[in-house]
Amino acid sequence: MDCIFCKIVAGEIPATLVGESEHSIAFKDISPRQPIHILVVPREHHSNVAELAFANPDALVDLVQLGSHLAEQHSSGSFRLTFNTGTEAGQTVFHAHGHITSTTPKK
Ligand code: AMP
Ligand code: ZN
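Thresholds, definitions, all that
Residues numbered from 1 in each chain as written. Chains lettered and ligands numbered in written order. Predicted model: local features only at pLDDT ≥ 70, side-chain atom pairs only at ≥ 80, totals over all residues. Heavy atoms only, no water. Donors = N, O, S within 2.8 Å, 3.2 Å for Na, K, Ca; no water. Tetrahedral: all angles 85-135°; square planar, octahedral: opposite > 155°, others 65-115°. Helix = DSSP H or I, 4+ residues; strand = E, 2+ residues; numbered from the N terminus. Buried < 20%, exposed > 50% of the residue type's maximum accessible area, 1.4 Å probe, protein only. Near = heavy atom within 4 Å. Polar contact = N/O pair within 3.5 Å; in protein donor to acceptor, adjacent residues only side chain to side chain. 1 Å grid on protein atoms, 1.4 Å probe; cavity = no way out; pocket = protein on both sides within 12 Å on 5 of 7 lines; lining within 4 Å. Sits in = over half its atoms within 2 Å of the grid points. Nonpolar A, V, L, I, M, F, W, Y, C, P; charged D, E, K, R; others polar.

Peer 1: Looking at this model, I keep getting lost on the coordination of the zinc ion (ligand 2). Mind explaining?
Peer 2: Perfect tetrahedral coordination of a metal by four donors corresponds to 109.5 degrees between them, and perfect octahedral coordination by six donors corresponds to 90 or 180 degrees. Around the zinc ion (ligand 2), the donor atoms from the protein are C3 (SG), C6 (SG), H45 (ND1) and H95 (ND1), and they sit 2.0 to 2.3 Å away. One can describe the donor arrangement at the zinc ion (ligand 2) as tetrahedral, given that its 4 donor atoms subtend angles of 105 to 116° at the metal. Counting gaps between the donor residues of the zinc ion (ligand 2) yields the pattern C-x2-C-x38-H-x49-H. Of this pair, C3 sits in the segment before α1 (4-9) while H45 sits in the loop between β3 (36-42) and α2 (49-55), and the two are 42 residues apart along the sequence. Taking the relative accessible area as the measure of exposure, C3 reaches 6% and is therefore buried.

Written out as structure tokens, the structure reads:
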């Protein structure tokens, strides 16, 4: 399967990793739209967050836990966690991922 996030999970293409856990990895978005913009990505391939929720709920909980830890480390602790789901909603990479965004980096 030609999936860019599977290749990052496998270490086949580089990314700026900022954290990892049993089921997830996290790296900086290549095109940040906020001062803090981190992607949290399940190691397993599922095409969006809804599919992940039904197929592997433990992995979704793990992803949210990793994202919230990183938000606390990198931001004021006030953050958004968004999952674009479907082309019309702006999803461009069809491997589930959450965007952790914050306007306020940690001092
Ligand atoms: P979405 O539009 O919700 O599917 O989000 C995909 C995100 O992946 C976008 O914010 C892109 O900037 C980001 N992205 C695409 N390729 C890479 C990459 N190689 N490394 C890091 N982030 C990426
Ligand atoms: Zn994938």
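Peer 1: Any chance you could explain the site of ligand 1 here in plain terms?
Peer 2: Near ligand 1 you find 17 residues, and of these D29, N84, G90, T92 and H99 are the closest. Backbone polar atom of I30 to a nitrogen atom of ligand 1: 3.1 Å apart, as the coordinates give it. Within the side chain of R33, a nitrogen or oxygen atom sits 2.9 Å from an oxygen atom of ligand 1. Placement of ligand 1 is best described as lying within the largest pocket. Listing elements by their share of the shell around ligand 1, those giving two or more residues are α1 and β2 (24-28). Take the shell around ligand 1: its biggest share by element is 3 residues, from α1. Residue composition of the shell around ligand 1, by class: 7 nonpolar, 7 polar and 3 charged.

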